[in-house]
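Here are the chains, one letter per residue:
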Amino acid sequence: MNNEQSFKSVKEIDQIEQIQSFYISIDSPTLKKIYLCMIKEKNGSGIIPILVSSGPWLLLLFSEQLQKFLFKEGSVLWIYFAFAYIFILTMSVILHFHEKSWASVHIEIIQEILQDRKEQSKVES
């Protein structure tokens, strides 16, 4: 393992510890509400899935005008358009799955804290 991978791992572990510390400081009812928000986030209720699925339809709607503009005599605009579109689409998908994975981390941390609190309250009773 090289130093760059090691540093990234340490940075991610540090982030997880900060998230855990933050959630531990929050009361259980509020933590349950945050948990529900994280489930919503993980399930992809956001703009990126809409963008990915509706973008091609929007282009299809204006395809005739777009073709006339992009493919006029000797124009290479279509190459720039294709690269820009593929780049934006790729970055959107990567961002979506990155956020979805972090939402999973938050969900696991919150579940663990809530379960520990539940078990602790049983022991104290």
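A brief report on the enclosed structure follows. (Residues numbered from 1 in each chain as written. Predicted model: local features only at pLDDT ≥ 70, side-chain atom pairs only at ≥ 80, totals over all residues. Heavy atoms only, no water.)

What follows concerns helix 2 (residues 28–42). With 15 residues, helix 2 extends 20 Å between its outermost C-alpha atoms, agreeing within 8% with the 21 Å of an ideal straight helix rising 1.5 Å per residue. Once helix 2 ends, the next one or two residues include Gly-44, with phi positive near 80°. (Helix = DSSP H or I, 4+ residues; strand = E, 2+ residues; numbered from the N terminus. Expected span 1.5 Å × (residues − 1).)

Interaxial distance between helix 4 (residues 63–70) and helix 5 (residues 77–124) falls to 8 Å at its minimum, and their mutual angle equals 125°. Of the possible angle classes, the one that applies to helix 4 and helix 5 is oblique. Taking contact as the criterion, the partners of Leu-66, Phe-69 and Leu-70 in helix 4 are, on helix 5, Leu-77, Trp-78 and Phe-81. Considered class by class, the residues forming the contact of helix 4 with helix 5 number six nonpolar, no polar and no charged. (Axes fitted to C-alpha atoms, helices over the stretch in contact; angles between N-to-C directions. Parallel < 35°, antiparallel > 145°, perpendicular 65-115°, else oblique. Contact = heavy atoms within 4.5 Å. Nonpolar A, V, L, I, M, F, W, Y, C, P; charged D, E, K, R; others polar.)

A word on the packing of helix 2 against helix 5. Helix 5 packs onto helix 2 with a crossing angle of 150° between their chain directions and a minimal axis gap of 9 Å. Taken as axis vectors, helix 2 and helix 5 run roughly antiparallel relative to one another. The element helix 2 and its partner helix 5 pack so that their crossing is left-handed. Contact residues: Ser-28, Leu-31, Lys-32, Ile-34, Tyr-35, Met-38, Ile-39, Glu-41 and Lys-42 in helix 2; Glu-99, Lys-100, Ala-103, Ser-104, His-106, Ile-107, Ile-110, Gln-111, Ile-113, Leu-114 and Arg-117 in helix 5. (Left-handed = near helix turned anticlockwise from the far one by under 90°.)

Turning next to a negative patch on the surface. A cluster of acidic side chains, namely Glu-108, Glu-112, Asp-116 and Glu-119, defines a negative patch on the protein surface. Among the secondary structure elements, Asp-116 is positioned in helix 5. Given a relative accessible area of 42%, Asp-116 falls into the partly exposed group. (Patch = residues over 30% accessible without salt bridge, like charges linked within 9 Å, V, L, I, M, F, W, Y side chains within 5 Å. Areas by Shrake-Rupley, 256 points an atom, 1.4 Å probe, with all protein chains shown as cover. Salt bridge = Lys/Arg side-chain N within 4 Å of Asp/Glu carboxyl O. Lys, Arg positive; Asp, Glu negative; His and termini not counted. Charge placed at Lys NZ, Arg CZ, Asp CG, Glu CD. Buried < 20%, exposed > 50% of the residue type's maximum accessible area, 1.4 Å probe, protein only.)

On to the nonpolar core. When a protein is soluble and globular, its nonpolar side chains tend to lie buried together. Formed by Ile-19, Tyr-23, Ile-26, Leu-31, Met-38, Trp-102, Ala-103, Ile-107, Ile-109, Ile-110, Ile-113 and Leu-114, the largest nonpolar core amounts to twelve residues. When residues of this core are traced back to their parent elements, those giving at least two are helix 1 (3–24), helix 2 and helix 5. Here the element with the most residues in this core is helix 5; it accounts for seven residues. The residues contacting Ile-110, other than those within four sequence positions of it, are Tyr-23, Leu-31, Ile-34, Tyr-35 and Met-38. (Core = buried A, V, L, I, M, F, W, Y, C linked by side-chain atoms within 4.5 Å.)

Counted under the stated rule, the structure contains two aromatic pairs. Aromatic pair Phe-22 and Tyr-23: ring centres 5.5 Å apart, planes at 50°, arrangement tilted. Overall, Phe-22 belongs to the partly exposed group, its relative accessible area being 48%. Ring centres of Phe-81 and Tyr-85 lie 6.3 Å apart, and the angle between their planes is 10°; this geometry places the pair in the stacked category. Here Phe-81 and its partner Tyr-85 are both found in helix 5, four residues apart, which amounts to about one turn of the helix. Judged by its relative accessible area of 29%, Phe-81 is partly exposed. By relative accessible area, which is 26% here, Tyr-85 ends up partly exposed. (Phe/Tyr/Trp six-rings, centres within 6.5 Å; stacked < 30°, edge-to-face > 60°.)

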